[in-house]
Amino acid sequence: MAHAQISKYLPPDINPTQAATAYGCRALPKLNEELQSEDLLTRQKALMALYDLMHDPEHVYTAIRIGCLESLKALLKDTNDLVRIETTEVLYIMATHNVGRDGFLEHDVIHALSFLLSDPQSACRENLHLAFKHLAQLPAGAKGIVNSSLIPSLVWKLQREEERIQELLLDTLAACLMEDATEALASRAVPFLKEKLLSANSNIRSKAAQALTAVSIPLEGKNQVWQHDVIPILVHLLKDKEEEVQASAAGALMYVTVTTKGKYAALDTEAIRPLLELLHSSLSKARLNAIKVLTMLAEAPEGRKILQSHVPTFRALEEDTSAAVQRAAQIAVKVIEWKP
């Protein structure tokens, strides 16, 4: 005869580390209450459940409306490492949505996150920088980071963080410096970025060149790149084994060769030959950047003289699959064939 027996094990689909989510419109208010609980396990479970919900922008909107961001800001100061890690993870997921980024700016989350730049837990710092990276993709977000006076700290951290976090830092800096490079230039960003151009990590080399592109937009940035002898390194990177690095290096040279000093520094390091080779790159942005740098160099008599025999190459690029490359090639031909 069969006997009823209650198993001592949990049902197979139950996650004991995650809070049970209430049904419907009560789900997020209940989790927000649990985020403020005195019980550590309750806070941790609520964070796990909230993390899953934050992948939906509608839930992000509701969470911000009912005050979850304020609860999360408070948890950033929690003494428990796992709570801080999970909190930054939730915030990072929220920052992947436009409504989340807007919420960050409205509720001053940037300032709250900045206190964790030196957190002993690398996972916590990585989540923080993931959030900053996504926030910086929005012009208002990049401006918010700049206005929070965080650029000197981010530049300083670039020298001390693990490589995977350095990549995130460089992404954030590149976006923020497009808005305003003043603080970065005053914080010795150019020599720090110069060092990163020599990294064994190709992603770091490429992203450092992209950050240098942004820092070279103002005249002071162009002058500093020239003063710190960065141009020879950028020219060397035009021959890098990675096409992304080549394209990024050409992008930085495109800005620094605007000045006369920049033009002649590039010509002195024989930049024309690798730039001509880059015209045959499989990456359209590499071809485009190379054409624009060569156009800049053609404004100098010495550069124009060398490039005159390569006009057919530029003519061929007028039929390129990229419309931007076509237009750049047409301009290049006009500059090279210009006669005083």
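The protein carries the name Radial spoke head 14 homolog in an unreviewed UniProt entry, which gives Monodon monoceros as its organism.

(A) Region of the structure containing the overall build of the protein. Check the secondary structure of the protein and you find 23 helices and zero strands. Computed over the C-alpha atoms, the radius of gyration of the protein is 26 Å, more than 25% above the 20 Å expected from 2.2 N^0.38 for a compact globule of 340 residues. In terms of principal-axis extent, the alpha carbons of the protein reach across some 100 × 50 × 35 Å. Buried residues in the protein amount to 52% of all 340 residues. Counting only contacts in the protein whose residues sit at least 6 apart along the sequence, the fraction spanning at least 24 positions is 68%. Roughly 16,600 Å² of accessible area belongs to the protein as shown, and the carbon and sulfur atoms make up 53% of that amount.

(B) Broad picture of the UniProt feature "repeat: ARM" (unreviewed entry) in the protein. Under the UniProt annotation, the feature "repeat: ARM" (unreviewed entry) is placed at residues 229-271. Secondary structure content for residues 229-271 is 70% helix and 0% strand, and the end C-alpha separation is 14 Å.

(C) Molecular detail of unusual backbone geometry. With phi around 60 degrees, Arg188 is a residue other than glycine that occupies positive phi space. Assignment of secondary structure puts Arg188 in the loop between α12 (182-186) and α13 (189-196). Despite not being glycine, Glu270 shows a phi value in the positive range, around 55 degrees. With respect to the secondary-structure elements, Glu270 resides in the loop between α18 (260-268) and α19 (272-278). Accessibility expressed as a relative area gives 62% for Glu270, which makes it exposed.

Parameters at a glance
Residues numbered from 1 in each chain as written. Predicted model: local features only at pLDDT ≥ 70, side-chain atom pairs only at ≥ 80, totals over all residues. Heavy atoms only, no water. Helix = DSSP H or I, 4+ residues; strand = E, 2+ residues; numbered from the N terminus. Rg over C-alpha atoms; globule rule 2.2 N^0.38 Å. Buried < 20%, exposed > 50% of the residue type's maximum accessible area, 1.4 Å probe, protein only. Contact = heavy atoms within 4.5 Å. Areas by Shrake-Rupley, 256 points an atom, 1.4 Å probe, with all protein chains shown as cover. UniProt positions renumbered as here; feature names shortened; annotations may be inferred.

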